[in-house]
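Structural description and commentary
Listed here are the chains, written in short residue letters.
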Amino acid sequence: MPADASGPESRLAASSRAEAEAWSLVLAAEGVAHGLIAGDGRFSVEVDPENHARAVALIERWARENEKPPAAVAAAIPDRPTNAGIWIALALAAFYVVTGPWSESSEYFRRGSADARRILNGELWRSVTALSLHSDPGHVLGNAFSCAVFGTLLLRRYGVGAGAWLLLGSGALGNLLTALWHGSQHRSVGASTALFGAIGALAATELVRRRGLQLGWNQAWLPIAGGIALLAMLGTGSGSDLAAHVLGLVAGAGLGFAVARGIASPPLPAAQAVLALGAVATIAAAWAAALT
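Residues numbered from 1 in each chain as written. Predicted model: local features only at pLDDT ≥ 70, side-chain atom pairs only at ≥ 80, totals over all residues. Heavy atoms only, no water.

Topic: the pairing of strand S4 (residues 42-47)
Note the following rule: Buried means the residue's accessible area, taken with a 1.4 Å probe over protein chains only, is under 20% of the maximum for its type, while exposed means over 50%, and partly exposed covers the values in between. Helix and strand definitions here come from DSSP, where helices need a minimum of 4 consecutive H or I residues and strands a minimum of 2 consecutive E residues; each element is numbered from the N-terminal end. In this analysis, strands are considered paired if DSSP registers two or more bridges between them.
Of all 6 residues in S4, 5 are buried, a share of seventy percent or more. Looking at chain direction, strand S2 (residues 10-14) and S4 are connected through 5 bridges and run antiparallel. From the neighbouring strand, Arg11 faces S4, where its bridge partner is Glu46. Following strand S3 (residues 34-39), the chain reverses through 2 residues before pairing antiparallel with S4; Asp40 in that reversal takes a positive phi of roughly 55 degrees.

A word on the side chain of Thr178
Basically, it comes down to this: Working rule for contacts: check all heavy atoms of both residues, and any pair within 4.5 Å makes them a contact.
Examined against the element boundaries, Thr178 turns out to sit in helix H8 (residues 160-182). Ignoring sequence-local partners within four residues, the contact set of Thr178 consists of His186, Asp241, Ala243, Ala244 and Leu247.

Some points on the packing of H8 against helix H12 (residues 242-262)
Rule in force here: Angular values range over 0 to 180 degrees, each being the angle between N-to-C directions of two axes fitted as lines to C-alpha atoms, with helices fitted over their stretch in contact. Throughout this description, any angle smaller than 35 degrees is read as roughly parallel, any larger than 145 degrees as roughly antiparallel, any in the 65 to 115 degree range as roughly perpendicular, and the remainder as oblique. Left-handed describes a crossing whose near helix is turned anticlockwise from the far helix through less than a right angle; right-handed describes the clockwise counterpart. For this classification, the nonpolar set comprises Ala, Val, Leu, Ile, Met, Phe, Trp, Tyr, Cys and Pro, the charged set comprises Asp, Glu, Lys and Arg, and every other residue, Gly included, is treated as polar.
At a minimum axis separation of 8 Å, H8 and H12 run at an interaxial angle of 135 degrees. One way to sum up the angle between H8 and H12 is to call them oblique. As H8 runs across H12, the sense of the crossing is right-handed. Touching Leu166, Gly169, Ser170, Leu173, Gly174, Leu177, Thr178, Trp181 and His182 of H8 are Ala243, Ala244, Leu247, Gly248, Ala251, Gly252, Leu255, Gly256 and Val259, all from H12. Of the residues that constitute the contact of H8 with H12, the class distribution is 10 nonpolar, 8 polar and no charged.

Some points on empty space enclosed by the protein
To keep it simple, the criterion reads: Lining residues are those with an atom within 4 Å of a point, where the points come from a 1 Å grid over the protein atoms alone and group into cavities, where a 1.4 Å probe fits but cannot get out, or pockets, open sets with protein on both sides within 12 Å along at least five of seven lines. Grid points are joined across faces, edges and corners, and a volume is the space filled by probe spheres set on the points.
Overall, the coordinates contain 1 cavity of 30 Å³ or more when judged by the stated rule. One number sums up the size of the largest cavity: a volume of about 30 Å³. If you trace the largest cavity, you find it lined by Ala114, Ala116, Ile119, Asn175, Thr178, Ala179, His186 and Ser188. Secondary-structure elements contributing two or more residues to the lining of the largest cavity are helix H5 (116-120) and H8. Element by element, the count of residues in the lining of the largest cavity is highest for H8, at 3 residues. Here the residues of the lining of the largest cavity sort into 4 nonpolar, 4 polar and no charged.

Observations regarding the side chain of Glu46
To keep things clear, this is the line we draw: Here a polar contact is taken to be a pair of N or O atoms separated by no more than 3.5 Å, where protein atoms must pair a possible hydrogen donor with a possible acceptor and residues adjacent in sequence count only if both atoms sit in side chains.
Tracing the backbone shows Glu46 in strand S4. Within the structure, the side chain of Glu46 is placed 2.5 Å from the side chain of Arg11, a separation counted as a polar contact.

Notes on helix H2 (residues 52-65)
What counts, and what does not: Multiply 1.5 Å by the residue count of a helix minus one, and that product is the helix's expected span. The reported arc concerns the directions from the helix axis to the C-beta atoms and nothing else.
Across its 14 residues, H2 extends 20 Å between first and last C-alpha, which sits within 8% of the 20 Å expected from 1.5 Å per residue. Within H2, the full set of buried residues consists of Ala55, Val56, Leu58 and Ile59. What you see down the axis of H2 is that its buried residues fit within an arc of 165 degrees, all on one side. Set apart from the buried face of H2 by more than 90 degrees, the exposed residues are Ala53, Arg64 and Glu65. Those residues of H2 that are buried are in contact with S2, helix H1 (17-29) and S4.

As structure tokens, then:
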């Protein structure tokens, strides 16, 4: 703390008017005679030389008591190197080669699309099969790219097996919620519901992590705001099924929040492999039910 004791008074230089005024309150509370000095944009407190040491001690104690705790350092999220999201993206493109674009005469689209009326009448497998169907090349390429980005991030966070179930579960749940929202007059296809589910799950996971660090809600909610911003940028274009994208995001956020709160660490590699095979088997079973 700079001080000038060359004159009849000792001058304690403050960094701002607010700091000088705070020092003045501290000294006044302790009965130390002083004065506030301001000039040329500088602020200081003057005390008698015999009170200099006491004034410095009081101000230093006040500073320690009011020192802000250091900002919490974000705990590192374990990264599980995997390119499984890219492989899923390639699988989507390969399956499009098999099914072709949307066609009313195609058995794949007739039996596998997310037809709200049929889903609500019990054909729940459509909530899964519709995720692997795409209406045209632009549709599948856009979703494949998003899967390579957001799917990979999710699978690296939770592992291939647990991440695959979050991706598949949020997509299927999003399609089911979309059917409930629209009622009987709605059909859709595409993996985008699951991909917005991945965004929601990642945002919810980061929210839980930040709250665990006891960050304020103004900081903890930033990931959710980021997810909504991505929805606005990627999910509201011409021809987009906005309701499916929103409900996919909501489904992913709900599942991601539950998993992040309930699982301290992702499953071990052997369990991840079993979970991944289970996700693939579920998709195969859904298509078997659709084409039977």
